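Overview (structure and organization)
Each chain is listed here by its residues.
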Amino acid sequence: MSSRNCNSSTSPWPVDELVGSLTAHCIFSLALAARGLRCASAAVSAPHKIFHRKMGQQQSFPANLANNVENYRVALQSCLPDYSHRFSSLYNIAPSLQVRLGFRQRDITSDLDEVIKLYRNALLLSPPGHSDRSSSLNNLATSLQDRFKQRGVLSDLDEAFQLFYQLSLLSNAASRTDLNVAKSWVASAENLKHPSALLAYETALKFLDQQVALLWPSSHHFDVIREAVSSLATDAFSCSVRHDALTTAVELVEQGRAVFWTQLARFSTPLDELSVSGDTGKALAEEFKRLSSLLRTAFDQSEDQSPQIQQLTIQWDDVVLRIRMLPGFSRFLLPPLFSDLQKAAEDGPVIILNASKHGCDALIIHSTEDPVHVPLNITQAEVSEFSSEFQSLAEQFGSANHELKLVGILRELWDVIVDPVVHALRKLNIPPHSRIWWCPTAEFTLLPLHAAGPYEKNRDNLSRIYISSYTPTLATLVRARQQVTRDASSQHFIAIGQGNPVEGRELKCVAPELAVVARRLKPVVSNFTSLEDDDATVQGALDALNHNQWLHLACHGMPNRTQPFESSFSMRDGPLMIKDIIRSNWQNPEFASLSACHTTVGDEKSLDESIHLVAAMQFSGFRSVIGSMWSVDDEVARQVVSAFYRNLINNSERLDCTRAAVALHKAVRSLRNKIPLEQQIVFVHIGV
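Criteria and thresholds
- Every chain begins its residue count from 1, and numbering advances along the sequence as written.
- For a predicted model such as this one, the threshold for reporting local features is a pLDDT of at least 70, and the threshold for listing and counting side-chain atom pairs is 80 or more; totals across whole chains, interfaces and linings nevertheless cover every residue.
- Remark: hydrogens and water are excluded; side-chain values derive from all non-hydrogen atoms of the structure.
- Think of a patch as exposed residues, more than 30% relative accessible area, with no salt bridge, where like charges cluster within 9 Å and nonpolar side chains (Val, Leu, Ile, Met, Phe, Trp, Tyr) cluster within 5 Å.
- To measure how exposed things are, a 1.4 Å probe is used in the Shrake-Rupley method; for residues, cover is taken only from the protein chains shown.
- Definition used for salt bridges: Asp or Glu carboxyl oxygen within 4 Å of a side-chain nitrogen of Lys or Arg.
- Charge counting treats Lys and Arg as positive and Asp and Glu as negative, with His and both chain ends excluded.
- Here the site of a charge means atom NZ of a Lys, CZ of an Arg, CG of an Asp or CD of a Glu.
- Numbering of helices and strands runs from the N terminus; a helix is a DSSP stretch of H or I covering at least four residues, while a strand is a stretch of E covering at least two.
- Throughout this description, buried means an accessible area under 20% of the type-specific maximum (1.4 Å probe, protein chains only), exposed means over 50%, and partly exposed covers the range between.
- For two strands to be treated as a pair, DSSP must find no fewer than two bridges joining them.
- Fitting axes to the seven residues that end at a residue and to the seven that start at it, the angle between those axes gives the bend at that residue.
- An axis is simply a line fitted to the C-alpha atoms; with a helix, the fit covers only the stretch in contact. Between two such axes, the angle follows the N-to-C directions and lies from 0 to 180 degrees.
- For this classification, under 35 degrees means roughly parallel, over 145 means roughly antiparallel, 65 to 115 means roughly perpendicular, and everything else is oblique.
- Here, two residues are considered to be in contact whenever any of their heavy atoms come within 4.5 Å of each other.
- Expected span of a helix, by definition, is 1.5 Å for each gap between consecutive residues, and there is one gap fewer than residues.
- Residues adjacent in sequence count toward polar contacts only when both atoms are side-chain atoms; beyond that, a polar contact is any pair of N or O atoms within 3.5 Å, and within protein one must be able to donate a hydrogen and the other to accept it.

Observations concerning a negative patch on the surface
Negative charge collects at one region of the surface, where E382, E385, E389, E412 and D415 lie side by side. Here the negative patch gets three residues from one element, more than from any other, and that element is helix α18 (residues 380-394). Relative to the assigned elements, E389 resides in helix α18.

Some points on the pairing of strand β4 (residues 435-440)
Consecutive side chains along a regular strand alternate between the two faces of the sheet. Judged by how many residues are buried, β4 sits mostly within the fold: six of six residues are covered. Here β4 shows two buried faces, one formed by R435, W437 and C439 and the other by I436, W438 and P440. Relative to β4, strand β1 (residues 350-356) is paired through four bridges, and the arrangement is parallel. When the bridges of β4 are listed, L353 appears paired with P440. In terms of strand pairing, β4 meets strand β5 (residues 467-470) through four bridges, oriented parallel.

Let's talk about helix α19 (residues 403-427)
The principal kink in α19, of about 50 degrees, is found at V418, preceding the proline P420 by one to four residues. Remark: N429 follows α19 within two positions and exhibits a positive phi of approximately 65 degrees.

Considerations on the packing of helix α11 (residues 232-242) against helix α12 (residues 246-255)
Contact geometry of α11 with α12 gives a least axis separation of 8 Å together with a crossing angle of 175 degrees. Taken as axis vectors, α11 and α12 run roughly antiparallel relative to one another. When α11 is examined against α12, the residues A233, A236, F237, S240 and V241 are found in contact with a partner set consisting of L246, T248, A249, L252 and V253.

Details of the sheet that holds strand β10 (residues 568-571)
Backbone-to-backbone hydrogen bonds pair the strands of a sheet. The strands run either parallel or antiparallel. Taken together, the three strands give an open sheet; going across it, the order is β9-β10-β11, and neighbouring strands pair in antiparallel fashion. Since the sheet does not close on itself, it has two edges, and those belong to β9 (557-558) and β11 (574-577), each with one partner. Alignment of β10 against β11, held across four bridges, turns out to be antiparallel. Looking across to β11, one finds that S568 is bridged to M577. Where helix α23 (residues 538-545) meets the sheet, its contacts fall on β10 and β11, and the angle it forms with β11 comes to roughly 35 degrees.

So, helix α26 (residues 634-649)
Because each turn of an α-helix spans 3.6 residues, side chains separated by three or four positions in sequence point in the same direction. Helix length check: α26, at 16 residues, gives a terminal C-alpha distance of 23 Å against a target of 22 Å (1.5 Å per residue), a fit within 8%. Buried within α26 we find D634, V636, A637, V640, V641, S642, A643, F644, Y645, L648 and I649. Looking at where α26 begins, the residue whose side-chain oxygen comes 3.3 Å from the main-chain nitrogen of E635 is D633. N650, located one to two residues past α26, shows a positive phi value of around 45 degrees.

Focus on the pattern of salt bridges
Taken as a whole and assessed by the stated rule, the structure comprises 15 salt bridges. One salt-bridge network, held together by shared partners, links D113, R147, R151 and D156.

So far we have only geometry, and geometry alone does not tell us how the molecule works.
In C-alpha cells:
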C-alpha cells in the first residue's frame, strides 16, 4: 500500500554554583554602594575584603552562606533609608536567609520572620507602577504562606492572598514577570483550594494576552508563547466549571488556546479596519505598528524589566487606550466575550472537550442559550493514556489488519466521552443528521471523535446520528462564518498534484485523482487550473493560490512534531512549509481539500496551539478545509476524492464550501464496504 507520507528531589543547581551566585550578588551590591557615595566607606570596604578572603577558603556550604548573610546585613545597614540601592540590598539578604532555612537541621523560625520583615520593607520601596511590584508581592506572599504552613496562623494566609489580589489591579501592560507571578497565585490558590483561584486564572490569562499582543507571530516567538501558555487555559476552564461559571469557562479557554494563530489574525484584520476608519485611526494604526515593532526588538535583546521596555510599554498602552476610544474599536486587542463566541454555534452546536489535571468536562455551546455542562467520567491521565494507545495503533495502519483493536478503541471513546455528549444533545432536541462541531483541547485533539460508536448491530455510531466537523477554537469558526465572498460571480479553482516529489516515494494515483477533479469541476467553476509534476513547485503553488479561492492539493504530507512550522507538503523542488503558508496573503480563499497524510498532526508539546497544515490553511483564510489524521492510502484517496466532489456538486451550478462536511460524510458512507475502517475515518472536516 502506497501512503501519502514520506516517513511511515535533587536541586538542579550544584552547591558550588549556588554559593558563587550568592557571593557574586553580594559583591555586586557592595560595588554599587561604593559607587553611590551614600554608604559609609568603611562599612563597604570591610565586607568587600571579607568576600575576597572567604572565596579562597574551603568552607562548608552553610558556613559560606552564614557569612554571606552577615555581609549582606552590613551592606544594608550602611545604606541610608532613601538610598536607591536599598531595595537591591533587601533582596540580597532575604533569599540567602531562605536558602539557609533549607539547610538547617531543625526548624528555626527567626530566619523566616526576618525574611518576611525584609520583604515587607522591599514592598514599601516598590509602590504600584514600580517594575518590581509584582515580584515584591509574590515574595512576601510566598513567605507568608511558608509561615502559615509552619505555624497555621490564618492571618498569614489571608494576607498572602490579599497581596496576590493586588495583581488583578495592575493597570499597566503586564511584563513576563507579572505573568509568572500570576501563575504563582494560580498554583497557590489551587493547592490551598482558595476562593480566589478563578480571579487568579482571569488575571494570568489577561497578562498572557497582553504579553502576546507585543509579540510578532513568528516561529521564533512561538517558543515564548508555548512556554507561557502551558496548561493555563484548560486548567482555567476546569476551575470555572467547578465555580459554575460556564460562560467564563468558554471565554478563558478561548483566551489561552491557539494563541499563535489568534495573534496572527489580530495583526491582519483589526489594523486594516483601523487604517481605513479615518485620519485619526490611520495615524494610531501607524503608531501602534511602530511601537509594537520597537517592543518586539527590545524584548528580543533584553529582559522585560529594562527601562527601555518600561517606557515603550507605557507608550504602547496609551496608543491602545486611544484606539479603544474610537467608535467600533472598544474591544481592540481584547479577547472576545461569550456573546461574540456564541455566534460559532449559529449553524449547529459546538462541543468543547476539556482535559485538565483538575478534571475533564464537556460544554455544549448553543446559539441562543447558556452552555450546557456534561461531566466526563475520565481523568486527564486516562485521556493521555488513551490517546497514546490510539496514536501507537495509528502508526501501524496499512501494515496489517488492526480493525478489531481499532473498533475496541472507538467503542471506549463512545462509552466514556461521546455517548454522554450525544445524550445531552438529544435532550436539547438537536435533530438527527444535524451538523455538530467538536472543539477538543489537550489530549482530546488526538482522538477521532467523529468515528466513535458502539459498533454493534441495531445500535447507531455517531456518524449515523450527527455529521461531525472540527474547529480549533470558537473564534476561528466565527471568523470563517463572518467572512464574506468579495466576488461571488466568479469561482477560481486550482488543483495541484505532485506524485514525484524531490523527496518521498512516487504516488501513482495523484495524476488520475487530478483528472477526476478536473472532470467534475470544469463544468461548474469559472476558471479551472491544474499544476502537476514539474509545474507543481513551491513557488508555483504559492503563486497559484494568489489567484484562486478553491484548492485541491494531492501530494505527500510531512508532519514535523518537534519543529511544527517545518511541517510541509512535498513539491517537485522541495517542501512547501507552514512558515511559507503563513507569510502568504491570499485573497478571499474559500475551500481547501488536502489529499495528503497527517495534515492535522502538529506540535507534540503544544497540542492546544494547533500548529499543523490544516490549521495553517484555515488561519490563512480558508473557511472550510478537509484534512487527514494519519496516513492516507494512495488509491483510497482517489476514490474518496471522486465521491466527495460528486456529492459536493450534486447538480448544483455553483460550489458552496458550507456543503463540504455533508459531502465528505456522504462520500465516506458510499465507500464503507469498499475501503478499510481506518481509511473510512481518516479524513475530517474543519471549518464552516
